[in-house]
Amino acid sequence: MTAVDNLWYLADQARQQAEQTRHQFASNYEDYSTFSRHRTVSRPRFKTVAERTRENGLPYGVHTVVTNDAGEVLLVRHDDVDMWVLPGGQVDGTESFREAASRELREEAGIEATDEGLAILARAEFHCAEYDTWGVLPMFQGRAVETELTVDDPDGEISDAGWFDELPEDTRDREQLREWREKQA
C-alpha cells in the first residue's frame, strides 16, 4: 500500500468516527446552532487533523461558550493562531467531552461554569489535493459561576482571557458566535 493509499484510508477512518460523534451529540442534545468551516491544508496538516479526528471525531477538541450575568462572552487569546477564541482543547485519556471542556475552561480562564447544554455543533471540513475528511467542533454553553479570570495554561498557548460584549474583529468564528448570541436574546 502506498503512502497515498494510507492517507485515503486515514481520512476515511476519520470521516467514519466524525459521523459517529456527530450522531452522539445529535442524539443527546437539542436546540443547538450549526455551521460548517472549510480549510485547504498541507499534506502534513491533513494527516495530523485526520489522526486526531480518527480518535474521537474531534480535530480540535471541545470548547465552551461561557457568558456572565451581563451577557458578555468569555474569550481567550490563543498566541499560536493570534486570535481570540473560545476556551477549549483536546480531550485527554478517558475524559468525557464535557469533562475536557470543564478542565480546559479552568486551565485557560481559571473559572467554572454551569452546564447548559450544547451551544453549537460545527462541522470542520479539510481538503488536501484529492483528499478530504471532516470532524466535529462541539461548543458547549455555560454561565460563569465566578468571573475573575486567571490564565494557567499548561500548554503555554493562552496569554490572556477577557469578557466581551462586542466580540473583537480577530475572534475565531466571530459571525457564528454573534448569530448564536442573537438567538439567545
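Bear in mind that the values here come from a model prediction, so they are computed numbers and not experimental data. (Residues numbered from 1 in each chain as written. Predicted model: local features only at pLDDT ≥ 70, side-chain atom pairs only at ≥ 80, totals over all residues. Heavy atoms only, no water.)

*Asks:* In this structure, what is going on with the environment of E166? I would like to understand it.
*Replies:* Examined against the element boundaries, E166 turns out to sit in the loop between β8 (158–164) and α4 (174–184). Sequence spacing of E166 and V73 is 93 residues, and the spatial spacing of their C-alpha atoms is 8.6 Å. Within the structure, E166 has its side chain in polar contact with the side chain of R174 (distance 3.0 Å). (Helix = DSSP H or I, 4+ residues; strand = E, 2+ residues; numbered from the N terminus. Polar contact = N/O pair within 3.5 Å; in protein donor to acceptor, adjacent residues only side chain to side chain.)

*Asks:* Quick question: what am I supposed to make of the pairing of strand β6 (residues 118–128) here?
*Replies:* One face of the sheet, then the other: side chains in a regular strand alternate in exactly this way. Most of β6 is tucked away, with 9 of its 11 residues classed as buried. Pairing between strand β1 (residues 33–40) and β6: 8 bridges, direction parallel. Residue pairing in the sheet places H38 in a bridge with E125 of β6. Between β6 and strand β7 (residues 131–143), which pair antiparallel in sequence order, lie 2 residues; one of them, A129, sits at a positive phi of approximately 50 degrees. (Buried < 20%, exposed > 50% of the residue type's maximum accessible area, 1.4 Å probe, protein only. Pairing = 2+ DSSP bridges.)

*Asks:* Got a minute to help me understand the layout of surface pockets in this structure?
*Replies:* Gaps left between atoms are located by rolling a probe of water-molecule size over the structure's atoms. Taken as a whole, the largest pocket holds about 550 Å³ of empty space. Lining the largest pocket are 25 residues, and of these R52, Y60, H78, Q90 and E157 sit closest to its centre. Of all the secondary structure elements, the ones that give two or more residues to the lining of the largest pocket are β1, α2 (43–56), β3 (73–78), β5 (88–89) and α3 (97–109). When residues of the lining of the largest pocket are assigned to their parent elements, the largest contribution, 4 residues, is made by α3. In terms of residue class, the lining of the largest pocket is made up of 7 nonpolar, 5 polar and 13 charged. As a volume, the second largest pocket reaches approximately 200 Å³. In terms of lining residues, the second largest pocket is bounded by T67, G71, V73, E116, Q141, G142, R143, W180, R181, E182, Q184 and A185. Counting only elements with at least two residues in the lining of the second largest pocket, the list comes to β7 and α4. Counting residues per element, the lining of the second largest pocket draws most heavily on α4, which supplies 4 residues. Tallied by class, residues from the lining of the second largest pocket come to 3 nonpolar, 5 polar and 4 charged. (1 Å grid on protein atoms, 1.4 Å probe; cavity = no way out; pocket = protein on both sides within 12 Å on 5 of 7 lines; lining within 4 Å. Points joined across faces, edges and corners; volume = space filled by probe spheres on them. Nonpolar A, V, L, I, M, F, W, Y, C, P; charged D, E, K, R; others polar.)

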